[in-house]
Amino acid sequence: MSSPYLQQPSALSSAELSVQQALELPRLAIEAVEPQVEQGRFAAKAIAGDAVTVSAVIFADGHDKLAGDVLWREVGAQDWQRAPLSFLGNDRWQASFIPQRVARVEFLIEAWWDVYASYCYELTKKFGAGVPIDLELQEGEQLLRQAAARAQGELQLTMQALIDALLDTQSIDERVALLLAPETQAAVGRCEGHPHRTRSAAYPLDVERPLARFASWYELFPRSVTDDPQRHGTLRDVIGRLPDIQAMGFDVLYFPPIHPIGSTHRKGRNNSLKAGPDDPGSPYAIGSAEGGHEAIHPQLGNREDFIALVEAAREHDLEIALDFAIQCSPDHPWLEQHPGWFSWRLDGSIRHAENPPKKYEDIVNVDFYAEDAVPDLWLALRDVVLGWVELGVYQFRVDNPHTKPLPFWEWLIADIRKRYPQTMFFAEAFTRPAMMARLGKLGFTQSYTYFTWRNTKAELQSYLTELNQAPWRDCYRPNFFVNTPDINPFFLQHNGRAGFLIRAALATMGSGLWGMYSGFEICEALPVPGKEEYLDSEKYEIRPRDYQASGNIVAEIAQLNRIRRLNPALQTHLGFQAYNCWNDNILYFGKRTADRDNFILVAISLDPHNAQEAHFELPLWELGLEDDAITQGEDLMNGHTWQWHGKTQWMRIEPWHQPFGIWRIRTAS
């Protein structure tokens, strides 16, 4: 055949096949390749420096032995790198490789008939059964000669030495031993003829920075970094907050929009339709005479102040993330410069944003497919993002991406990352599961989740398990934000300090990505009655805070983040496994690295008011231990250590002390 390998066939009706076409079809089948998203239409997610485990079902007619490699390369590179596949049984094969750089990577699987392995298998059986093997020994010599003919250089010398040794050996036992020796099989494998070699389709991987998998986000309004509600906070003021945010263990400092705020239909306190003369308005009403999405609100500072903040944050091991909210105040310069980018009603008035019964008179939306908007609006929005990237911003939280065209996101994210591969996008999407998954497929690095509304043991256990399974594990990274300026969860409103600690433990232990909106650390939860909203919402006013107020959980948050940094098992949402605990008020699970060297057990009481007790099982079977084994336990919140004897243990959790336990389990030395 002209091609050195056969491709997996595309869909062809068997009735359309000629005999010649049938002869050219591969005899090997490569199926169920993982990781892949929609047969390679979208890229599966990966992290630079982390192993990517590739698996597939590979089989062929007959009983001949097979072999194969996984091949990978950065898109655009000429040469493939290879790793041998290992046989797992029942036609399943697996291999791993480690992409080292942030890039788009592609991989495929190549498999072939392993003639020499098949020969060794038959020789072993016949020799062991004591049947004559004269012909088999001749066949072995022939296979060595064929391999030598394919070899070059030093490998050819090695093969010739094996042939010479075989010919010099008179003992059948010694000849069999030489032919079956691992060294012989390895040498022959290096000059394998690859009969019936077949390649799968190529599958893409989106390889991102480790911060895409493991990060702690802290959200604040820069204007509230002040000690006086009458004095607008500034970007320079935020620099003074950086040491405290770093001390709590956060990696990303995220701001709601920092752009000029419009005055037309400006909202007043608590979302009232009429603003007072000193009301600052919602930062999501973007744009005024001072500028639009590319500008900074004058009371916050200027571009030099912003650059200074980005640099200061970097010195404190923090990255700045900005909100990318594609919406405009009626005062946004684009309305005058590009009226064709917006929707207008029959009476000539502009169409405001609505989510009945909510009204957003201070916001208007662009029309992505308006005749005058394509493609200029798309390019302008891309350039907004590029402008902030060029100032050192590499993470964007995107407001309501599910209400914007999916093709826009697929194009924009790819375009930005082609220029700046380190850039990441965070989807603020609380919507239908299919849409949330689709945003991940289109390139969003991570997403808000349903975690906020999962409170019972059954709900949490089911959700965490689902996120560990296909397709979610390959296309979606969950960020377990515990609260947001828009969402004051019912669970936090009436459960006091213990309730906040419960949600903090669930978020930090459940996912490698979590976040909190400022005020959470002082257990701020005063609600609008009957709603999951904050009374006196910071979206509409300046709110100074005393972050050392009595009852704060700053120290606990810092320790939870410290535990995450020190334990690789906790640096991803993957690896979750629920274990037996005979109390429906206690969620008990484990997170562990593949080698089980870092094995963390987590028990969280979901009852913030009462002590809860339960018997529970240590997963000794996962450590290869018997049910009566002795293991070492360590409380990661306080450093206390002890020994566990046997599989079944007992716990008591008192929420007024600490509503959770985080333990590292080790085999006893």
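Quick summary incoming for the structure in this document. (Residues numbered from 1 in each chain as written. Predicted model: local features only at pLDDT ≥ 70, side-chain atom pairs only at ≥ 80, totals over all residues. Heavy atoms only, no water.)

### Observations regarding the pairing of strand 3 (residues 44-47)
- Because side chains alternate across strand 3, one face comprises the buried residues Ala44 and Ala46, and the other comprises Lys45 and Ile47, equally buried.
- Where strand 3 meets strand 11 (residues 203-208), four bridges bridge the pair, whose relative direction is parallel. In the strand pairing of strand 11, alanine 46 is matched with valine 207. (Buried < 20%, exposed > 50% of the residue type's maximum accessible area, 1.4 Å probe, protein only. Helix = DSSP H or I, 4+ residues; strand = E, 2+ residues; numbered from the N terminus. Pairing = 2+ DSSP bridges.)

### What about the sheet that holds strand 13 (residues 252-255)?
- Taking strand neighbours across the sheet as the criterion, the eight strands line up as 19-18-17-14-13-12-21-20 in an open arrangement whose pairing is parallel. Of all the strands in the sheet, the pair left with one neighbour each is strand 19 (446-447) and strand 20 (479-481).
- Direction of pairing for strand 13 relative to strand 14 (residues 319-324): parallel, over a ladder of four bridges. Residue pairing across strands places tyrosine 254 opposite alanine 321, the latter belonging to strand 14.
- Against the sheet, helix 10 (residues 376-389) engages strand 14, strand 17 (395-399) and strand 18 (424-428), with an angle of about 165 degrees to strand 14. (Contact = heavy atoms within 4.5 Å. Axes fitted to C-alpha atoms, helices over the stretch in contact; angles between N-to-C directions.)

### Considerations on the packing of aromatic side chains
- Tallied over the entire structure, the rule returns 41 aromatic pairs.
- Each member of the aromatic cluster is reached from another via a ring pair, and the members are Phe324, Phe368, Tyr369, Trp378, Phe396, Phe408, Trp409, Trp411, Phe425 and Phe444.
- The aromatic ring of phenylalanine 491 is capped on one face by arginine 503, whose charged end is 5.8 Å from the ring centroid. (Phe/Tyr/Trp six-rings, centres within 6.5 Å; stacked < 30°, edge-to-face > 60°. Lys NZ or Arg CZ within 6 Å of the ring centre and 35° of its normal.)

### A word on the pattern of salt bridges
- Here the structure, examined in full by the defined rule, presents 44 salt bridges.
- Note that aspartate 237 and arginine 231 form a salt bridge whose closest N and O atoms lie 3.2 Å from each other.
- For aspartate 237, a relative accessible area of 23% gives the class partly exposed.
- Several salt bridges share partner residues, and in doing so they unite Asp69, Arg82, Glu110, Arg197 and Arg199 into one network. (Salt bridge = Lys/Arg side-chain N within 4 Å of Asp/Glu carboxyl O.)

### Considering the packing of helix 3 (residues 134-150) against helix 5 (residues 172-180)
- The contact between helix 3 and helix 5 brings their axes to 11 Å, and the two run at 40 degrees. Taken as a pair, helix 3 and helix 5 cross one another with a handedness that is left-handed. Two secondary-structure elements touch here, helix 3 through Leu137, Gly140, Glu141 and Leu144 and helix 5 through Ile172, Arg175, Val176 and Leu179.
- Residues belonging to the contact of helix 3 with helix 5 are distributed by class as follows: five nonpolar, one polar and two charged. (Left-handed = near helix turned anticlockwise from the far one by under 90°. Nonpolar A, V, L, I, M, F, W, Y, C, P; charged D, E, K, R; others polar.)

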